[in-house]
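Here's the letter readout for the chains.
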Amino acid sequence: AAVPERPQVVSHIQQALSYTVFDCKWVPRSARLLCLGSAARGTGLVQLYELHGARLELLREIEKPKPIKCGTFGATSLQQRYLATGDFDGNLNIWNLEAPEIPVYSVKGHKEIINSIDGVGGLGIGEGAPEIVTGSRDGTVKVWDPRQNDTPVANMEPVQGESKRDCWTVAFGNAYNQEERVVCAGYDNGDIKLFDLKTMSLRWETNIKNGVCSVEFDRKDINMNKLVATSLEGKFHVFDMRTQHPTKGFASVSEKAQKSTIWQVRHLPQNRDIFMTSGGSGSLHLWKYEYPAQRSKKDSEGSEMGVAGSVSLLQNVTLSTQPISSLDWSPDKKGLCVCGAFDQTVRVLIVTKLNKI
C-alpha cells in the first residue's frame, strides 16, 4: 500500500525581535498576529504585525508599564476583537487594539504574576457569558466577566491550611450551552484540577507527577471530549473526557515526546484530533490522536469507564536553539501557525498536507 504523505512543517517567515516574547496570537478573521512580551527595561510590549507574502510588517507597537505574560481573544466578539492580557503584576486588562492607550476593562486580579489566561463565550466559541479565566503564581484561579466590575464570578483557591501551588496553565471547556462550563488548571507540582462552574465544585483531580506546563481541550464549545496536558519532563497525557468513572476518573494515554519541557499544546482548530506540542529544545511535534474501537466499557461493578486511544507522531522539526514557549494556530487558515521562542524570534509556519490525514 502507498504510504500516505506526511505533513511538512515549513518555516515561512522568521522575524527577529528586540525583546522577550512570551505569547503570540493570531488576530481572528485577519492576516495579522500579535506578539506579547517584556522589553529589556522591564516594561510590557504588544506588537501588531501583518502578513505580506513572505514578510511581516509591523503595524503598531504599544508599550505598557508591566511585562505581559499571556493574552486571549476568546471572550470577545468578532466585531470587537478585544485582547485580554495578564501581566507580571497580576493585572487583567482588556484592550481595544484600535485605541490601546487605556484598557476598556482593568482589574488587579492577582497578588502575583498571571501565568495563563483563556477566554470563552466570544468569537462564536462556546455559549454563555464572555468569560476570562486567569491562573497565577499566587495559587488562585479566577473567572471574570468583564460586564461585572472588580470581582471575579468564581475564585478557586487552596482551602485553609492547604499550601498554595503555582498555577501555570488554565483552559476553558464543556461550553456547549448556556449553563455548562468547566475550567481545567495545571500546577507546578503536577496537580490537574477540573472545576465545574455550573455547580461551583471541584469535579475531578489527578496528579501527573511533574509540573503541568499547558492544558487544552480539543474544543471548548462541545461536550468535553479530550484534554491534553503537557509537563516539565517532556511527557504529555491525553485524557478521554467523555466518560468519568466514579473512582478511576478519566482514561488517559501518555507519551514521552522528548527529553525537555513541553511548553505548549495547541489543537488544530479545523481538526481536533491533530495537535502540536512545542518544546524546550526548540522543537515542534505534530501529533494525531486515534480513537479506540470502543471509547467506553463496563467494569466488574457495571460502571462505565473510558478507554484511552493512542497517539502517533506525524512530524517533528527543530527551529530554534531556545525553548519555543508560545504557539497559536490561525483560526481561519488551516495549517497556518505562529510560534515565539526565547531566541527572541517569532516564526510564521505553514503545515502542509493536513487535509490528507
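Small disclaimer: the values here were computed from a predicted structure and weren't measured.

(A) Highlighting unusual backbone geometry. You will see that Asn174, though not glycine, has its phi angle at about 65 degrees, which is positive. With respect to the helices, strands and loops of the structure, Asn174 is situated in the loop between β14 (167-173) and β15 (182-187). One non-glycine residue, Lys209, adopts positive backbone phi at about 70 degrees.

(B) Structural view of the packing of aromatic side chains. In this structure the tally under the stated criterion is eight aromatic pairs. Consider the rings of Trp204 and Phe250, whose centres lie 4.9 Å apart with planes at 85 degrees: the pair is edge-to-face. Residue Trp204 is found in strand β17 (residues 201-207), and its partner Phe250 is found in the loop between β20 (235-240) and β21 (252-256); the two are separated by 46 residues along the sequence. The same class applies to Trp204 and to Phe250, which are both buried. Centre to centre, the rings of Tyr289 and Tyr291 are 5.2 Å apart; their planes meet at 80 degrees, and the pair counts as edge-to-face. Tyr289 sits in the buried class, given a relative accessible area of 1%. Chaining the aromatic ring pairs together yields one cluster made of Phe22, Phe88, Trp263 and Phe342.

(C) The arrangement of the side chain of Ser330 in detail. Mapped onto the secondary structure, Ser330 falls in the loop between β28 (324-329) and β29 (336-341). Owing to a relative accessible area of 3%, Ser330 belongs among the buried residues under this scheme. Among all residues touching Ser330, those that are not within four sequence positions of it are Trp26, Pro269, Gln270 and Leu336.

(D) Seen up close, the pattern of salt bridges. Taken as a whole and judged by the stated rule, the model has 22 salt bridges. Measuring nitrogen to oxygen at the nearest pair gives 3.6 Å for the salt bridge that ties Glu5 to Lys353. Here the residue Glu5 occupies a position in the segment before β1 (9-16), and Lys353 occupies one in the segment after β30 (345-351), the gap between them amounting to 348 residues. For the salt bridge of Arg219 with Asp221, the shortest nitrogen-to-oxygen distance reads 2.8 Å. When its relative accessible area of 33% is taken as the criterion, Arg219 is described as partly exposed. The exposure class assigned to Asp221 is partly exposed, which follows from its relative accessible area of 23%. Salt bridges linked by common partners bring Asp218, Lys226, Arg272 and Asp273 together as one network.

(E) Geometry of the nonpolar core. The biggest cluster of nonpolar side chains holds 18 residues, and the ones touching the most others in it are Met276, Leu284, Leu286 and Trp329. Put simply, the parts of the chain that give this core at least two residues each are β23 (271-279), β24 (283-290), β27 (310-318), β28, β29 and β30. For Met276, the contacting residues outside a window of four places in its chain are Gln264, Val265, Arg266, Leu284, His285, Leu286, Leu327, Trp329, Cys337 and Val351. One finds Ile13, Leu45, Tyr49 and Leu336 within the second-largest nonpolar core, a separate group that totals 17 residues.

(F) Region of interest: the UniProt feature "repeat: WD" (unreviewed entry) in the protein chain. Feature annotation in UniProt places "repeat: WD" (unreviewed entry) on residues 132-154, given in this structure's numbering. Across residues 132-154, the secondary structure splits into 0% helix and 43% strand, with the terminal C-alpha atoms separated by 10 Å.

(G) Structural context of the sheet that holds strand β19 (residues 226-231). Judged by pairing direction, the sheet is antiparallel, and its four strands sit side by side in the order β18-β19-β20-β21 without closing on themselves. In this open sheet, the two strands that pair with only one neighbour each are β18 (212-217) and β21. Going across the sheet, the axis of each strand differs from the next one's by a mean of 15 degrees, ignoring polarity. In this sheet, β19 lies alongside β18 in antiparallel orientation, the contact comprising five bridges. Bridge pairing in β19 links Val212 to Ser231.

(H) Expanded view of the pairing of strand β5 (residues 55-64). For strand β4 (residues 44-52) and β5, the ladder comprises nine bridges, and the chain directions are antiparallel. Following the sheet pairing, Gly44 is matched in β5 by Lys64. The turn linking β4 back onto β5 is made up of two residues, and Gly53 within it adopts a positive phi angle of 60 degrees.

(I) Geometry of the environment of Cys167. Checked against the element boundaries, Cys167 lands in strand β14. On the basis of relative accessible area, Cys167 is assigned to the buried category, the value being 0%. Residues Cys167 and Gly186, 19 residues apart in the sequence, show an inter-C-alpha distance of 6.0 Å. What Cys167 contacts, discounting residues up to four positions off in sequence, is Asn115, Gly135, Ser136, Arg137, Thr140, Val141, Ala185, Gly186 and Tyr187.

(J) Representation of the pairing of strand β10 (residues 114-120) within the structure. Counting buried positions along β10 yields seven of seven residues, so the element is predominantly enclosed. As paired elements, β10 and strand β11 (residues 131-136) share six bridges and run antiparallel to each other. Residue Ile117 lies in a different strand from β11, and its bridge partner there is Thr134.

Here is what the cut-offs are and how they apply
Residues numbered from 1 in each chain as written. Predicted model: local features only at pLDDT ≥ 70, side-chain atom pairs only at ≥ 80, totals over all residues. Heavy atoms only, no water. Helix = DSSP H or I, 4+ residues; strand = E, 2+ residues; numbered from the N terminus. Phe/Tyr/Trp six-rings, centres within 6.5 Å; stacked < 30°, edge-to-face > 60°. Buried < 20%, exposed > 50% of the residue type's maximum accessible area, 1.4 Å probe, protein only. Contact = heavy atoms within 4.5 Å. Salt bridge = Lys/Arg side-chain N within 4 Å of Asp/Glu carboxyl O. Core = buried A, V, L, I, M, F, W, Y, C linked by side-chain atoms within 4.5 Å. UniProt positions renumbered as here; feature names shortened; annotations may be inferred. Pairing = 2+ DSSP bridges. Axes fitted to C-alpha atoms, helices over the stretch in contact; angles between N-to-C directions.

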